[in-house]
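Tertiary structure, described
Here's the letter readout for the chains.
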Amino acid sequence: MNELSDLVRRFTVREIVPHLPGWERAGEVPRSLHAAAAKVGLLGVGWPEEVGGGGGDLLDTLTVAEEIILAGGSSGLIAALFTHGIALPHVVATGDSRLIDRYVRPTLAGETIGSLAVTEPDGGSDVAGLRTTARRDGDDYVVNGGKTFITSGVRADFVTTAVRTGPPGSGYGGVSLLVVDTTSPGFTVTRSLEKMGWHCSDTAELSFVDVRVPAANLVGPEGSGFVQIMRHFAGERLSMAVQACATARRCLELSIEWCHRRHTFGAPLAHRQVVRHRLAEMARITEVARAYVWGLAAKRAAGQPVTRAQVAMAKNTAVAACDHVVDAAVQLHGGAGYLRDSEVERHYRDARIMGIGGGTTEIMNEIIAKELLDAGAG
Ligand SMILES: Cc1cc2nc3c(=O)[nH]c(=O)nc-3n(C[C@H](O)[C@H](O)[C@H](O)COP(=O)(O)OP(=O)(O)OC[C@H]3O[C@@H](n4cnc5c(N)ncnc54)[C@H](O)[C@@H]3O)c2cc1C
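Notes on the structure follow. Given the structure is predicted, the values throughout are model-derived calculations rather than measurements.

The calculated volume of the second largest pocket comes to roughly 260 Å³. Together, 16 residues line the second largest pocket, and Leu20, Pro21, Glu24, Asp341 and Arg346 are the ones closest to its centre. Within the residue set of the lining of the second largest pocket, elements represented by two or more residues are α2 (20-26) and α12 (343-351). Within the lining of the second largest pocket, the residues separate by chemical class into four nonpolar, three polar and nine charged.

Structure follows, in structure tokens:
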């Protein structure tokens, strides 16, 4: 195990695992966790030192996510503690020192929390159709509209918000990104949403009524929001793929341990051929998914070309593996697997979002099909 993996495992066992059931019940993680994670350098992994990060590459970022789950954490915990992974990359990519000093550095230092708000009540998959408007008025934009399903939105200090700066019907070319301070008059968290899983990760419905945002908070050029969102989706999707594989692996490990320990009809479950073959299938599916996902991540980290379709295949493959394994793990645990607060039960519920968030399984298939068919037409 390398130094980073060891650090993450020790942090997870000490600072996360004992508190996770309480945070699941509370519906959020405390700000003190962000401070503690920043202190040991975890929040800054994979972010350049020039913006307050600790350096490292995509593989380091993915290692952090994998090890948290393997050490007893969860994908919900990662969603809550590392929301900056989706809220900040666009801001960092602009190189805008004012925005970086104001939003990136304090967040990587564990002092502030940021969210990314793209999805609206009318739809999430069709990003180019979003309706929240931002009208230019002097040195400000005036924002009106609503967002929903926003991770960490209840606790956020700022929200990187996708808005329509173009006229109605302007499609993807009319979308921009604006950083909105949550203390701005007219900004409201209208609801904290209750969910099937990811209980420790707060999820918000947001309302914007005549919210004035300095034009200097525009991220990149006006009209570039859609392209920025799509560009940074790759990192989010690979992270979700890694989390899905890690969840499967953790559930396999928990199941093996359980099958050695649990006796029925005078013998451990692990002695039954049907059980052994089920475990073998869980392992095969997990390992094959993991090899593809990490192979692709390594290519991307090395700067080799990786297509959107390949990333979509990685996400769908990992999600399918995870869905299969969490279901089998609950079954092998019997009634114990159905009890609230048993780890496999939490993973079973948490896993269900993987095929929805960051682009649904169907949207991933659309991306794959488009690349296939466009190539055929060419
Ligand atoms: C817990 C949680 C956290 C989230 N966090 C965030 C966040 O931080 N920020 C954010 O912006 N969003 C977030 N989301 C939103 C998430 O990205 C969306 O839910 C997702 O993109 C799907 O959008 P939708 O829910 O509007 O479904 P819809 O787009 O309405 O889709 C509904 C169904 O129709 C299918 N479908 C849609 N279009 C097509 C098509 N063309 N062909 C075939 N099938 C199609 C979809 O696959 C899906 O099965 C979060 C969601 C959840 C549940």
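In this structure, strand β3 (residues 140-151) lies alongside strand β7 (residues 203-214), joined through nine bridges in antiparallel fashion. Paired with Gly145 across the two strands is Phe208, which belongs to β7. Relative to β7, strand β6 (residues 187-192) runs antiparallel, the two sharing five bridges. Paired with Arg191 across the bridge in β7 is Glu205.

Turning our eyes to something else, we now look at helix α9 (residues 225-261). Turn by turn, an α-helix covers 3.6 residues, leaving residues three or four places apart pointing in a common direction. With 37 residues, α9 extends 53 Å from end C-alpha to end C-alpha; this agrees with the ideal 54 Å at 1.5 Å per step. The largest bend along α9 measures about 30 degrees and falls at Phe233. For α9, the buried fraction is high: 26 of the 37 residues fall into the buried class.

As a further point, take the nonpolar core. Core analysis: the biggest nonpolar cluster contains 41 residues, and Cys259, Leu279, Met282 and Val293 have the highest contact counts within it. Secondary-structure elements contributing two or more residues to this core are α9, α10 (273-301), α11 (308-333) and α12. At 13 residues, the largest contribution of residues to this core is made by α9. Excluding anything up to four places from it in sequence, Met282 contacts Cys251, Leu252, Ser255, Val325, Ala328, Ala329 and Leu332.

The next point concerns the site of the ligand. Lining the immediate surroundings of the ligand are 19 residues, of which Thr119, Gly124, Ser125, Thr360 and Glu362 lie closest. Separating an oxygen atom of the ligand from a side-chain N or O atom of Ser125 is a distance of 2.6 Å. Its free accessible area being 970 Å², the ligand has 64% of it covered by the protein chains. Secondary-structure elements contributing two or more residues to the shell around the ligand are β1 (114-117), β3 and α13 (361-377). At three residues, β3 tops the list of elements feeding residues into the shell around the ligand.

Quick look at the pairing of strand β4 (residues 158-164) now. In terms of burial, β4 is a largely internal element, seven of the seven residues being buried. Burial of β4 is two-sided: the residues Phe158, Thr160, Ala162 and Arg164 facing one way and the residues Val159, Thr161 and Val163 facing the other way are all buried. In terms of strand pairing, β1 meets β4 through four bridges, oriented parallel. Directly across from Ser115, in β4, lies its bridge partner Val159. Relative to strand β5 (residues 175-181), β4 runs antiparallel, the two sharing seven bridges.

Moving on to the packing of helix α4 (residues 58-70) against α9. Running from N to C, α4 and α9 point in directions that differ by 30 degrees, and their axes come no closer than 9 Å. Here α9 runs roughly parallel to α4, going by the angle between their axes. The two elements α4 and α9 meet at a crossing, and its hand is right-handed. Residues Leu58, Leu62, Ala65, Glu66, Ile69 and Leu70 of α4 form the contact with α9, whose own contacting residues are Leu238, Ser239, Val242, Gln243, Ala246, Thr247, Arg249 and Arg250. The residue inventory of the contact of α4 with α9, partitioned by class, reads eight nonpolar, three polar and three charged.

Below, the discussion takes up the environment of Arg249. Secondary-structure assignment places Arg249 in helix α9. With a relative accessible area of 24%, Arg249 lands in the partly exposed category. Separated by 179 residues in the primary sequence, Arg249 and Leu70 place their C-alpha atoms 7.4 Å from one another. Once residues lying within four places of it in the same chain are set aside, the contact partners of Arg249 are Glu66, Leu70, Thr286, Glu287 and Arg290.

Calculation rules
- Residues numbered from 1 in each chain as written.
- Predicted model: local features only at pLDDT ≥ 70, side-chain atom pairs only at ≥ 80, totals over all residues.
- Heavy atoms only, no water.
- 1 Å grid on protein atoms, 1.4 Å probe; cavity = no way out; pocket = protein on both sides within 12 Å on 5 of 7 lines; lining within 4 Å.
- Points joined across faces, edges and corners; volume = space filled by probe spheres on them.
- Helix = DSSP H or I, 4+ residues; strand = E, 2+ residues; numbered from the N terminus.
- Nonpolar A, V, L, I, M, F, W, Y, C, P; charged D, E, K, R; others polar.
- Pairing = 2+ DSSP bridges.
- Expected span 1.5 Å × (residues − 1).
- Bend = angle between axes of the 7 residues up to and from the residue.
- Buried < 20%, exposed > 50% of the residue type's maximum accessible area, 1.4 Å probe, protein only.
- Core = buried A, V, L, I, M, F, W, Y, C linked by side-chain atoms within 4.5 Å.
- Contact = heavy atoms within 4.5 Å.
- Near = heavy atom within 4 Å.
- Polar contact = N/O pair within 3.5 Å; in protein donor to acceptor, adjacent residues only side chain to side chain.
- Areas by Shrake-Rupley, 256 points an atom, 1.4 Å probe, with all protein chains shown as cover.
- Axes fitted to C-alpha atoms, helices over the stretch in contact; angles between N-to-C directions.
- Parallel < 35°, antiparallel > 145°, perpendicular 65-115°, else oblique.
- Left-handed = near helix turned anticlockwise from the far one by under 90°.

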